[in-house]
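Coordinate analysis (summary)
Spelled out, the chains give:
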Amino acid sequence: MGDSITNRNFDAIVIGSGISGGWAAKELCEKGLKTLVLERGRDVKHLKDYPTTNMNPWEFKHFGKVPYAIEKDNPVISRCYAFREDAMHFFVKDTEHPYVQEKPFDWIRGYQVGGKSIMWARQTQRWSDFDFEGPARDGFAVDWPIRYKDVDAWYSHVEKFAGISGNKDGLATLPDGEFLPADDLNCVEEYFKAQVKKKYTDRHVIYARCAHLTQPTELHLQQGRGQCQKRNLCQRGCPFGGYYNSNSTTIPWAEKTGNMTLRPHSVVHSIIYDESKGKATGVRVIDANTKETLEFFAPIIFVNAAAYNTNLILLNSTSNRFPNGLGNDSGVLGKYVAFHNYRARVNGKYDGFLDSTTDGRRPTSAYIPRFRNVFKQETDFLRGYAMTFSANRGSKQKNEGFGEELKNNLLSEPELGPWYIGAGMMGETIPKETNFVSLDPTKKDEWGIPQLKISIDYDDNDEKMIQDFFTEMTKMFTEAGFTDIKTSDSKQAPGLDIHEMGGVRMGNDPKTSILNKWHQVHACKNVFVTDGACMTSTSTQNPSLTYMAFTARAVDYAVKQLKKGEL
Ligand SMILES: Cc1cc2nc3c(=O)[nH]c(=O)nc-3n(C[C@H](O)[C@H](O)[C@H](O)COP(=O)(O)OP(=O)(O)OC[C@H]3O[C@@H](n4cnc5c(N)ncnc54)[C@H](O)[C@@H]3O)c2cc1C
């Protein structure tokens, strides 16, 4: 393509169109800035580009499974639970975009307009001050330059627009937000909640907050979205817009302003730094199809390529002033990356409530916020873990026979077994200098960009935390009368949690961090990073809601600074 965009000058550039980039686009465009959104993948239009959204199970050639040949050639992505026949077209295959695993790391990516927002699991819990104060209190990483009060209103701002369902639980560890009605916990989950409440004052079982329109507001209807139908087929893209993804929500809203130019197939190579001006002037792009190099210019640049790709872009943005990557005076760029530890589970059985079962579906499950080391240090490991919790009645459908008999068996009531219960750990990991990403010195991708080398591992803190989770969960399950309790450690490599964070961390001191409290690169103030790369620590909560709030807050600041002539 010679280039369809003849104008190369904009008021703002956003790199990436996923969860955080979608928010940057919406906020910048609403504030009147002519904004260029650069996305390396193809366009995915809401409704039009969800090819499997209305397919029935029998219409899938492989009954929902990934064909063996694809699985064999793509072992990393095949380990992701959501990489199935109905949604595999939204995931990056290992063979398409190789990276270097100095240590095993399962890097799960989605390269298209909407990024991973199409396939995400939509869990959206706020952070609290127990999270923002963590590094300072427990002496790891660096102090966050912000606190909960700095983002509280921005959480509300994004929750109202995205649509988050939940209950006001009144917990200090998990602040309440602007919620649409929650679904119900089932009888065994309610039972466990009551048992936990009886025994503990600091442990709570709640309905997990999630980005679903249980009751759309006028604002959601204006977006063209409707009520969640509880199909639980979200990873295909939702024909009702019932859950939040960028494609149904922020991107079309930005488009409606008339201020957005979206350029798919645009692989950002680096950010252009002008030494005489002391700031970034634009970005260098390789057209994904033609391999042509193009440059685009703007006074504000938001980097939202998802945590590790944002690291890659900054590390690859070298100049006389920044020979080791943009803003990397401190040498910490790419370092102190972290993730969530999802290795551990505890399962069991319950013989009560045999007169009840569940009917229908719901988009989320129960959630137990962190209770370990919250108010004081209680264990020989730092920080703690949150947990998912769910209970389901086991059932067996008769499927024997042929013809009429088979049909009748399939139409008969399934035989119900006992209730099975399970909890999954979501552990906070500690960012360390020895966990880092860097550019491979020799290997390049198809577009001539260095491949990312990932060197990340668990540590002793993670191992101790897993043991504590096993002990505490087994105790809580036993106290509730659950039986057949079994612990399991998947030993999976880091990455499958899909919550990679850090490398471009925020902090007060430019000597030990890359970004200031407004997400500006300390040494290059017109570049903002608001995706997972900016995270100083990881907390236990699913992070994307926090990226959304950070992005809206940073855009507000950036536009005010631009208007004052400060950028
Ligand atoms: C199966 C699954 C379940 C998940 N569940 C949850 C959950 O329940 N809760 C939660 O909080 N999070 C969840 N996540 C994680 C969540 O999806 C991510 O945290 C979130 O999408 C990150 O937003 P982002 O904008 O940083 O990145 P993305 O949404 O990945 O978007 C980044 C975009 O940048 C583009 N890009 C990358 N490099 C370049 C480049 N060089 N040039 C141009 N464009 C580029 C990509 O193509 C992509 O479109 C889940 C993810 C998956 C896959």
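Examining the overall build of the chain
Summing up its helical and strand segments, the chain has 13 helices and 23 strands in all. Structurally, the chain occupies a C-alpha span of about 75 × 60 × 50 Å along its principal axes. A burial count over the chain gives 60% of its 567 residues as buried. Of all intrachain contacts in the chain linking residues separated by at least 6 positions in sequence, the fraction that spans at least 24 positions is 72%.

Focus: the nonpolar core
Across soluble globular proteins, nonpolar side chains show a tendency to be buried alongside one another. If you look at the biggest cluster of nonpolar residues, it comprises 101 residues, and the most contacted ones within it are Ile15, Ile271, Val283 and Tyr308. With seven residues, the top contributor of residues to this core is helix 6 (residues 148-162). Other than its neighbours up to four places away in sequence, Val283 contacts Ile13, Ile15, Leu38, Val268, Ser270, Ile271, Ile272, Leu294, Glu295, Phe296 and Ile301. Membership of the second largest hydrophobic core comes to 33 residues, among which are Met387, Phe389, Ala391 and Ile421.

Things to note about the packing of aromatic side chains
For the structure shown, the criterion picks out 31 aromatic pairs. Between the aromatic rings of Tyr273 and Phe322, the centroid separation amounts to 5.0 Å while the plane-to-plane angle is 75°, which identifies the pairing as edge-to-face. A residue pair is termed long-range when its members are at least 10 positions apart, and Tyr273 in strand 8 (residues 266-274) and Phe322 in the loop between helix 10 (307-315) and strand 12 (335-338) qualify at 49 residues. Here Arg343 stacks its cationic end above the ring of Tyr458, 4.5 Å away from the centre of that ring.

Brief notes about the site of the ligand
If you check the shell around the ligand, you find 38 residues, and the closest are Ser20, Glu39, Lys116, Ala121 and Ser544. A distance of 3.2 Å separates an oxygen atom of the ligand from a polar atom in the backbone of Arg122. Contacts to the ligand include Val268, whose backbone N or O atom sits 2.9 Å from a nitrogen atom. In isolation the ligand offers 990 Å² of accessible surface; the protein chains occlude 97% of this area. If you list the elements that add at least two residues to the shell around the ligand, you get helix 1 (19-30), strand 8, helix 10 and helix 13 (544-563).

Observations concerning the pattern of salt bridges
Under the definition given, this model contains 39 salt bridges. The salt bridge involving Arg343 is made with Glu463; its shortest N-O contact spans 2.9 Å. Here Arg343 is found in the loop between strand 13 (340-341) and strand 14 (344-350), whereas its partner Glu463 is found in helix 12 (residues 460-479), with 120 residues between them in sequence. Salt bridges here are not isolated pairs; linked through shared partners, they connect Arg203, Arg372, Glu378, Asp468, Glu472 and Lys475.

A closer look at the packing of helix 7 (residues 187-199) against helix 12
Their axes nearest at 10 Å, the elements helix 7 and helix 12 cross at an angle of 105°. As judged from the angle between their axes, helix 7 and helix 12 are roughly perpendicular. On the side of helix 7, the interface is formed by Phe192, Gln195, Val196 and Lys199, while helix 12 contributes Met473, Met476, Phe477 and Glu479. Split by residue class, the contact of helix 7 with helix 12 holds five nonpolar, one polar and two charged.

Section: the sheet that holds strand 9 (residues 279-287)
Spatially, three strands are ordered 8-9-10 in an open sheet, and the strand pairing comes out antiparallel. Unpaired on one side and paired on the other, strand 8 and strand 10 (293-297) mark the two borders of the sheet. Averaged over all pairs of adjacent strands, the angle between strand axes in this sheet comes to 30°, irrespective of strand direction. As paired strands, strand 9 and strand 10 are joined by five bridges and run antiparallel to one another. Bridged to Arg284 within strand 10 is Glu295.

Here we look at the side chain of Glu428
Looking at where Glu428 falls in the secondary structure, it is placed in strand 17 (residues 415-428). Aside from chain neighbours lying at most four places away, what touches Glu428 is Phe140, His340, Arg383, Gly384, Asp462, Met465, Ser537, Thr538, Ser539 and Thr540.

Quick notes on the sheet that holds strand 1 (residues 12-15)
Strands in a sheet are paired, the pairing made by backbone hydrogen bonds, and the direction either parallel or antiparallel. In spatial order, the strands read 7-2-1-11-23-22; together these six strands make up an open sheet with mixed pairing. Both edges of this open sheet fall to strand 7 (260-263) and strand 22 (520-521), since each of them pairs with a single strand only. Alignment of strand 22 against strand 23 (residues 524-529), held across two bridges, turns out to be antiparallel. The residue bridging Val521 from the neighbouring strand is Cys524, located in strand 23. With respect to the sheet, helix 13 is in contact with strand 11 (300-303), strand 22 and strand 23, its orientation differing from that of strand 11 by roughly 170°.

Observations regarding the packing of helix 6 against helix 13
Two elements in contact, helix 6 and helix 13, have axes separated by 8 Å at closest approach and are oriented at 105°. The orientation of helix 6 with respect to helix 13, classified from their angle, is roughly perpendicular. Taken together, the residues of helix 13 that come into contact with helix 6 (itself represented by Asp150, Val151, Trp154, Tyr155, His157, Val158 and Glu159) are Leu545, Thr546, Met548, Ala549, Phe550, Ala552, Arg553 and Asp556.

What about the pairing of strand 2 (residues 35-38)?
Of the two faces of strand 2, the one holding Thr35 and Val37 and the one holding Leu36 and Leu38 are both buried throughout. When strand 1 meets strand 2, the two strands line up parallel, connected through four bridges. In the sheet register, Val14 faces strand 2, and the bridge partner there is Val37. Between the parallel elements strand 1 and strand 2, the chain passes through helix 1 in a crossover that is right-handed. In terms of strand pairing, strand 2 meets strand 7 through four bridges, oriented parallel. Considered in strand 7, the bridge of Val37 is made with Leu262.

Rules and cut-offs
- Within each chain, residues carry numbers counting from 1 in the order of the written sequence.
- Thresholds applied to this predicted model are a pLDDT of at least 70 for local features of residues and 80 or more for the giving and counting of side-chain atom pairs; totals over whole chains, interfaces and linings are not thresholded and use all residues.
- With hydrogens and water stripped out, all remaining heavy atoms of the structure feed into the side-chain values.
- A run of H or I in DSSP becomes a helix once it reaches four residues, and a run of E becomes a strand once it reaches two; helices and strands are each numbered from the N terminus.
- Per-residue accessibility, obtained with a 1.4 Å probe over protein chains only, is compared with the maximum for each type, and a residue is labelled buried under 20%, exposed over 50%, and partly exposed between these values.
- A contact between two residues is defined here by any heavy atoms of the two lying within 4.5 Å.
- To define a nonpolar core, start from buried Ala, Val, Leu, Ile, Met, Phe, Trp, Tyr and Cys residues and group those joined through side-chain atoms within 4.5 Å.
- In this scheme Phe, Tyr and Trp rings, the latter by its six-membered ring, pair at centre separations within 6.5 Å, and the angle between planes marks the pair as stacked below 30 degrees, edge-to-face above 60, and tilted otherwise.
- Lysine and arginine charges are scored as sitting over a ring when NZ or CZ, respectively, is within 6 Å of the ring centre and within 35 degrees of the ring normal.
- Residues are classed as near a molecule or strand on a simple rule: at least one heavy atom within 4 Å of it.
- Counted as a polar contact is a pair of N or O atoms within 3.5 Å, where, for protein atoms, one must be capable of donating a hydrogen and the other of accepting one, and residues adjacent in sequence contribute only when both atoms are in side chains.
- Note on areas: Shrake-Rupley with a 1.4 Å probe; residue coverage comes only from the protein chains shown.
- We count a salt bridge whenever a side-chain nitrogen from Lys or Arg sits within 4 Å of a carboxyl oxygen from Asp or Glu.
- Here the axes come from fitting lines to C-alpha atoms, over the contacting stretch only for helices, and the angles between their N-to-C directions go from 0 to 180 degrees.
- Note that the term roughly parallel is reserved for angles under 35 degrees, roughly antiparallel for angles over 145, roughly perpendicular for angles of 65 to 115, and oblique for everything else.
- Residues are grouped as follows: Ala, Val, Leu, Ile, Met, Phe, Trp, Tyr, Cys and Pro are nonpolar; Asp, Glu, Lys and Arg are charged; every other residue, Gly included, is polar.
- Strands are labelled as partners when DSSP assigns at least two bridges between them.
- We call a crossover right-handed when, viewed with both strands directed away from the observer, the connection leading from the first strand over the helix to the second proceeds clockwise.

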